[in-house]
Amino acid sequence: MHHMTLAEIARGLADKKFSSEELTQVLLARIAQLDPQLNSFISLTPELALSQAKAADARRANGENGALLGAPIAHKDLFCTLGIRTSCGSKMLDNFKAPYDATVVAKLAAAGAVTLGKTNMDEFAMGSANESSYYGAVKNPWNLEHVPGGSSGGSAAAVAARLLPAATATDTGGSIRQPAAFTNLTGLKPTYGRVSRWGMIAYASSLDQGGPLARTAEDCAILLQGMAGFDPNDSTSIDEPVPDYSAGLNGSLQGLRIGVPKEYFGAGLDPRIADLIHNSIKELEKLGAVIKEISLPNMQHAIPAYYVIAPAEASSNLSRFDGVRFGHRCENPENLIDLYKRSRGEGFGAEVQRRIMVGAYALSAGYYDAYYLKAQKIRRLVKNDFMAAFNEVDIILGPTTPNPAWKLGAKNSDPVAAYLEDVYTITANLAGLPGLSMPAGFVDGLPVGVQLLAPYFQEGRLLNVAHQYQLNTDWHTRTPTGF
Ligand code: GLN
């Protein structure tokens, strides 16, 4: 049962082959048995799951249908869940039970999805390895000595290990697409504003976007359908109609113009990954796509710009965690300043403290123009590159990551080495564009992802291309040994 995709589950439930309650029991037992190896969950919610499953079964018995009605999922532990710990992977929020549901959580619950638990993540979504979590590192099911990627590493490892079919995740600089690539999943970062950020604990507000992690494009379409849409509670949410993503999966790729940026294939890219990307290009050509070389000349400036803007916004967003209203509070503070200093010093881990310091520095009076303003100008250049490229092509294709998943601990002493691994993903966040990563093969037994980028609100195009690719390849069906 645990091998089923969301689409298969929906068919099975509609045909009464099993109930949501039965499926939920099976998956909860599987999580209890296998997750100790992976550490992909921070909290499990079996009682909530079983009551939601029973309610979904009752709705189906009353004649209701729906792709998510009775479908088991989990939420990255930065989506607020009413009455349930929402830790953001941090000691700071270890004791925090959210007083309300995030819009994404409420929408999926209303569609009948069943929440099995909250998944592990890098602390405050900062990282690419899921090693900065207060709850310990997550292991990659493809090789337990390797990282699953981050910051949505818990959602990725759990779905890849068939503990559940799909999970929510967020992507500020790659945290949906990079763990998808590292664990052989399909992950979609929507256009900025497509999915509500209300109740999604902020890392860098102008970059953060929630989206689906699943095994197939077909399942990403189902989960995104439940997540997307205008939300008056989020002032950056965009009032743009949500298309029927599943209905759009079968469009022909005949004549689709795919741009391949020449900058993507420079030094730093593992040549074995380059070969796999070229294979995926050939596959899409067979389906009728036309390949064109393009250029994104400002790509080289994107990492430094991102690692100014994201920490700057984080330093502002995380100022609310001061030991006063919620979150960790130090013992016996001597005065207010001592309360702030020790609560934050004890509650935040090293990477979060580093980002707050970098961000506060970049925003400080003497340095604002030199760093923050400059980074914002680069951000515009990056966006302009994409706008020019999308005048000529429909989709941009390249690797999701320059290397496959590294060994646990390998980059701990050198944070910048980890930042450099974000080179292919962060430009989409800087520009606000949608991006998808899908399985493209293996290097040394570790999965490799190919990334597709599209113009604003063209999530449907990404899912269509990925689905057609997956109908003609079987990388996404490979299962890690032992799971
Ligand atoms: N690796 C990037 C960072 O640490 C992206 C993280 C994310 O997308 N949440 O900022």
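Notes on the structure follow. Because the structure is a prediction, the values reported are computed rather than measured. (Residues numbered from 1 in each chain as written. Predicted model: local features only at pLDDT ≥ 70, side-chain atom pairs only at ≥ 80, totals over all residues. Heavy atoms only, no water.)

1. Here we look at helix H5 (residues 153-160)
Piece 1. Here H5 lies mainly inside the structure; eight of its eight residues are buried.
Piece 2. Within H5, burial applies to Gly-153, Gly-154, Ser-155, Ala-156, Ala-157, Ala-158, Val-159 and Ala-160.
Piece 3. Remark: Arg-162 follows H5 within two positions and exhibits a positive phi of approximately 60°. (Buried < 20%, exposed > 50% of the residue type's maximum accessible area, 1.4 Å probe, protein only. Helix = DSSP H or I, 4+ residues; strand = E, 2+ residues; numbered from the N terminus.)

2. Brief notes about a nonpolar patch on the surface
Piece 1. On the surface, Tyr-361, Tyr-367 and Tyr-371 cluster together into a nonpolar patch covering about 300 Å² of accessible area.
Piece 2. Among the secondary structure elements, Tyr-371 is positioned in helix H12 (residues 369-389). (Patch = residues over 30% accessible without salt bridge, like charges linked within 9 Å, V, L, I, M, F, W, Y side chains within 5 Å. Areas by Shrake-Rupley, 256 points an atom, 1.4 Å probe, with all protein chains shown as cover. Salt bridge = Lys/Arg side-chain N within 4 Å of Asp/Glu carboxyl O.)

3. Side note on the side chain of His-75
Piece 1. By the element assignment, His-75 lies in strand S2 (residues 72-76).
Piece 2. Overall, His-75 belongs to the buried group, its relative accessible area being 1%.
Piece 3. Not counting chain neighbours up to four residues away, the residues in contact with His-75 comprise Val-105, Leu-108, Thr-115, Gly-117, Lys-118, Thr-119 and Thr-168. (Contact = heavy atoms within 4.5 Å.)

4. Let's talk about the sheet that holds strand S8 (residues 290-294)
Piece 1. The strand order across the open sheet formed by 11 strands is S1-S3-S2-S4-S6-S5-S10-S11-S9-S7-S8, and the pairing between neighbours is mixed. Each edge of the sheet is formed by a strand with only one pairing partner; in this case those strands are strand S1 (41-44) and S8. Between one strand and the next, the sheet's axes are offset by a mean angle of 30°, whatever the strand orientation.
Piece 2. Looking at chain direction, S2 and strand S3 (residues 114-119) are connected through four bridges and run parallel. The residue bridging Ile-73 from the neighbouring strand is Thr-115, located in S3. (Pairing = 2+ DSSP bridges. Axes fitted to C-alpha atoms, helices over the stretch in contact; angles between N-to-C directions.)

5. Looking at the site of the ligand
Piece 1. Lining the immediate environment of the ligand, one finds 15 residues, of which Thr-172, Gly-173, Ser-175, Tyr-203 and Tyr-306 sit closest.
Piece 2. Within the backbone of Gly-127, one N or O atom sits 2.9 Å away from an oxygen atom of the ligand.
Piece 3. One of the side-chain N or O atoms of Ser-175 is found 2.6 Å from an oxygen atom in the ligand.
Piece 4. For the shell around the ligand, the class distribution of residues is five nonpolar, seven polar and three charged. (Near = heavy atom within 4 Å. Polar contact = N/O pair within 3.5 Å; in protein donor to acceptor, adjacent residues only side chain to side chain. Nonpolar A, V, L, I, M, F, W, Y, C, P; charged D, E, K, R; others polar.)

6. A look at the packing of helix H9 (residues 302-317) against helix H11 (residues 350-363)
Describing two packed helices takes the angle between their axes plus the distance from one axis to the other.
Piece 1. Look at H9 against H11: their axes get within 7 Å of each other, and the N-to-C directions meet at 100°. One element, H9, and the other, H11, form an angle in the roughly perpendicular class. On H11, the residues touching Tyr-307, Val-308, Pro-311, Ala-312 and Ser-315 of H9 are Arg-355, Ile-356, Val-358, Gly-359, Ala-360, Ala-362 and Leu-363.
Piece 2. Classifying every residue of the contact of H9 with H11 by side-chain character gives nine nonpolar, two polar and one charged. (Parallel < 35°, antiparallel > 145°, perpendicular 65-115°, else oblique.)

7. Remarks on the packing of aromatic side chains
Within a pair of aromatic rings, the relevant descriptors are the distance that separates the centres and the angle that separates the planes.
Piece 1. Inspection of every chain in the model, using the stated rule, returns 18 aromatic pairs.
Piece 2. Both rings, one in Tyr-367 and one in Tyr-371, keep their centres 6.1 Å apart while their planes meet at 40°; by these two values the pair is tilted.
Piece 3. For Tyr-367, a relative accessible area of 35% puts it in the partly exposed group.
Piece 4. Three or more aromatic residues link up through ring pairs in this structure, and these residues are Phe-96, Phe-124, Phe-321, Phe-326 and Phe-348. (Phe/Tyr/Trp six-rings, centres within 6.5 Å; stacked < 30°, edge-to-face > 60°.)

8. A look at the pattern of salt bridges
Piece 1. On inspection of all chains with the given rule, the structure shows 19 salt bridges.
Piece 2. For Arg-85, the salt bridge goes to Asp-94, with nearest N and O atoms at 2.9 Å.
Piece 3. Using a relative accessible area of 29% as the deciding quantity, one classes Asp-94 as partly exposed.
Piece 4. The salt bridge partner of Arg-197 is Asp-234, with a shortest N-O separation of 3.8 Å. Residue Arg-197 is found in the loop between strand S5 (186-189) and strand S6 (210-214), and its partner Asp-234 is found in the loop between helix H7 (217-227) and strand S7 (257-261); the two are separated by 37 residues along the sequence.
Piece 5. Residue class for Arg-197 comes out buried when judged on its relative accessible area of 15%.

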